[in-house]
Amino acid sequence: MKPANRIGFGWDSHEFVSGIPLKIGGVTIPHTKGLGGHSDGDVLLHAITDAVLGAIGAPDIGTLFPPTDPEWKGADSGVFLNEALKRMGSAGYAIGNVDSSLILLSPKIGPHAGNIRGHVAKLLGIGVDCVGLKAKTPEGIGTDNAAVANVVVLLERTAAAPKKTPARALKK
Ligand code: MG
């Protein structure tokens, strides 16, 4: 029997780069800088994706979508999350809730938190009350030009355990 619940943890960081759009949780936020990276740099969606993949023991985001692969250049990070959700569904689990902490100096996340939570909830197919989002400033850790995301996710078993292969089927 599979465990009724599984927990996953994801962590990611991206450096701020001038002149590109800032996307966090699939929401474009007005700012002078965006997050660099091979895809759209969505640090929160990357951490959520890794948390979901980790919870089911799947390979991580960098293994499934190598940054060296030109196919993922500028990709919408929702694509990565969808793959993780597909694998989660096949494994017989659904999202229970997700909680996250962003660490960045600016912009202030507070005014956008509602939008981000709503969008993430929609992507995950859960209620907004099941999406936690906190934003902290990087006091004394020297990451003023980066955004960091920490995410935990709880999965709930949806499918019955697969039926055991009948003994006779195993005989030659
Ligand atoms: Mg990333």
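Our subject is the structure that appears above.
Analysis parameters
- Residues numbered from 1 in each chain as written.
- Predicted model: local features only at pLDDT ≥ 70, side-chain atom pairs only at ≥ 80, totals over all residues.
- Helix = DSSP H or I, 4+ residues; strand = E, 2+ residues; numbered from the N terminus.
- Buried ≥ 20, exposed ≤ 12 C-beta atoms within 10 Å, placed from the backbone.
- Contact = placed C-beta atoms within 7 Å.
- Pairing = 2+ DSSP bridges.
- Axes fitted to C-alpha atoms, helices over the stretch in contact; angles between N-to-C directions.
- Expected span 1.5 Å × (residues − 1).

A. Quick look at the environment of valine 120. In this structure, valine 120 sits in helix 4 (residues 110-124). Residue classification places valine 120 among the buried positions, given that 26 C-beta atoms sit within 10 Å. Apart from the residues lying within four places of it in its own chain, the contact partners of valine 120 are Gly25, Gly26 and Val131.

B. Fine view of the pairing of strand 1 (residues 5-18). For strand 1 and strand 7 (residues 146-157), the ladder comprises 11 bridges, and the chain directions are antiparallel. Across the sheet, the residue bridging to phenylalanine 9 is valine 152, located in strand 7. Note: strand 1 against strand 4 (residues 33-35), three bridges, orientation antiparallel. Looking at strand 4, one finds that serine 18 is bridged to lysine 33.

C. Summary view of the sheet that holds strand 5 (residues 93-103). Taken together, the five strands give an open sheet; going across it, the order is 4-1-7-5-6, and neighbouring strands pair in mixed fashion. Of all the strands in the sheet, the pair left with one neighbour each is strand 4 and strand 6 (131-136). Going across the sheet, the axis of each strand differs from the next one's by a mean of 20°, ignoring polarity. Seen against the sheet, helix 4 touches strand 5 and strand 6 and runs at an angle of roughly 145° to strand 6.

D. Here's a closer look at helix 4. Helix length check: helix 4, at 15 residues, gives a terminal C-alpha distance of 21 Å against a target of 21 Å (1.5 Å per residue), a fit within 8%. For helix 4, the set of buried residues is His112, Ile116, Arg117, His119, Val120 and Leu124. Turning to helix 4, the residues buried within the fold contact strand 2 (22-24), strand 3 (27-29), strand 5 and strand 6. Glycine 125, located one to two residues past helix 4, shows a positive phi value of around 70°.

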